[in-house]
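In case you want the letters, here they are:
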Amino acid sequence: MRMMFPRGSGSELRAVMINCAGGMTGGDRFEVQAEAGPDTALSLTTQTAERVYRSPDESVARMSTELRVSPGAALHWLPQETILFDRSRLARRLEVRLAPEATFLMIEPLIFGRAAMGEVLHDAHLSDQLRIWQGGALIHADATRLDGPVAQLLGRAAVTGGALAVANLVLAAPGAEARLASVREMIGPFGGASLKAPDLLVARLIAPDVMALRRVAIPLLAALSGTDIPRTWTL
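The structure contained in this document is the topic of the report that follows. (Residues numbered from 1 in each chain as written. Predicted model: local features only at pLDDT ≥ 70, side-chain atom pairs only at ≥ 80, totals over all residues. Heavy atoms only, no water.)

## Overview of the pattern of salt bridges
- Evaluation of the coordinates by the stated rule reveals ten salt bridges.
- One salt bridge in this structure joins Arg 89 and Glu 58, with 3.6 Å as the shortest N-O distance. Of this pair, Arg 89 sits in strand β9 (residues 89-98) while Glu 58 is found in the loop between β5 (50-52) and β6 (61-69), placing the two residues 31 residues apart along the sequence.
- Judged by its relative accessible area of 17%, Arg 89 is buried.
- Assessed through its relative accessible area of 61%, Glu 58 is described here as exposed. (Salt bridge = Lys/Arg side-chain N within 4 Å of Asp/Glu carboxyl O. Helix = DSSP H or I, 4+ residues; strand = E, 2+ residues; numbered from the N terminus. Buried < 20%, exposed > 50% of the residue type's maximum accessible area, 1.4 Å probe, protein only.)

Structure follows, in C-alpha cells:
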C-alpha cells in the first residue's frame, strides 16, 4: 500500500490510500493505523473502489483498521466502495477510539457483485465488524455476517430486499442530534437514520446499485463534513 497527499485548501490533511496490488483475495492481510493529533483534522479515503476477488480456496482476505482521534480533533474515514466478487471471502474490522469532544465521520459502502457484468454472488463470505470507543467506553458496535448464497440472502425483505449497494454511516460529534432531521430527509427512501445518543448518529443506506447509492451518499457526506468530499469520490 502507498499513501498520497493531494494539495488542498484549509488546515485539513487529506490522505489517499492506494492498494498497489489492485485488489484483495484470499490470504491477503492489510492493516491500517491512523491518528488525528490534538486539534487537528484528518481525512482518509481510497484512490478507487476496493475489489475483493474470488478466493482460490477457503482462505479469507483480511482488512484491519485502527483509528484514534485526540481531544479537539476531527477524523473523516471515507473509503470508496468495496466490491465483492462471486466466491470472494472477506473479513473486515474497524476499531475507532475517540477522545471526549472529538469528531468522527465515517462511511463504508459495500457493493455485492458487478451488476454491469451481470454477476451474481452465488457463493461468498463477508464478516464485517465495527467498534467505536469513547473515553474508554464502547459507544457503538455493529456486525454483519453473510455466508453462502449471498444473492439469495440479500433478496430477503429483512436484509436488503434485493438491493446490491449498502453503506454504513456514523457521525460521532458534539451536537450530532441536531443533524438527524436533515439526514433523514436527504436519505429519503434509501435507508434510515437514528440517534444512539445525543452525540452519536448512525445511518444505513440501501440502494439498487452503486450510482444510486452515490447520489445519496455524496451530498450527505458534504453536508455532515462541512467541506468538499475528497476529489477521488467524484472522478
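## Observations concerning the nonpolar core
- Counting 41 residues, the largest nonpolar core has Leu 67, Leu 75, Trp 77, Leu 84, Leu 98, Phe 104 and Phe 112 as its most contacted members.
- Ala 49, Ile 83, Ala 207 and Ala 212 belong to the second largest nonpolar core, which has 30 residues in total. (Core = buried A, V, L, I, M, F, W, Y, C linked by side-chain atoms within 4.5 Å.)

## Structural notes on the side chain of Asn 19
- By secondary structure assignment, the location of Asn 19 is in the loop between β2 (13-18) and β3 (29-36).
- Reaching out from Asn 19, the side chain makes a polar contact with the backbone oxygen of Gly 23 at a distance of 3.0 Å.
- Dropping the residues within four chain positions of it, Asn 19 is found in contact with Met 1, Met 24, Phe 30 and Glu 50. (Polar contact = N/O pair within 3.5 Å; in protein donor to acceptor, adjacent residues only side chain to side chain. Contact = heavy atoms within 4.5 Å.)

## So, unusual backbone geometry
- Even without being glycine, Asp 39 reaches a positive phi, approximately 60°.
- Within the secondary structure, Asp 39 is located in the loop between β3 and β4 (41-46).
- Phi angles above zero are rare outside glycine, and Glu 101 is one such case at about 70°.
- Mapped onto the fold, Glu 101 is located in the loop between β9 and β10 (103-112).

## Regarding the packing of helix α2 (residues 180-187) against helix α3 (residues 210-225)
- One can describe the packing of α2 onto α3 by two numbers: an axis separation of 10 Å at closest approach and a directional angle of 165°. In terms of orientation, α2 and α3 fall into the roughly antiparallel class. Relative to α3, the crossing made by α2 is right-handed. Here Val 183, Met 186 and Ile 187 of α2 lie close against α3, whose contacting residues are Val 216, Pro 219, Leu 220, Ala 223 and Leu 224.
- Counted by class, the contact of α2 with α3 contains eight nonpolar, no polar and no charged residues. (Axes fitted to C-alpha atoms, helices over the stretch in contact; angles between N-to-C directions. Parallel < 35°, antiparallel > 145°, perpendicular 65-115°, else oblique. Left-handed = near helix turned anticlockwise from the far one by under 90°. Nonpolar A, V, L, I, M, F, W, Y, C, P; charged D, E, K, R; others polar.)

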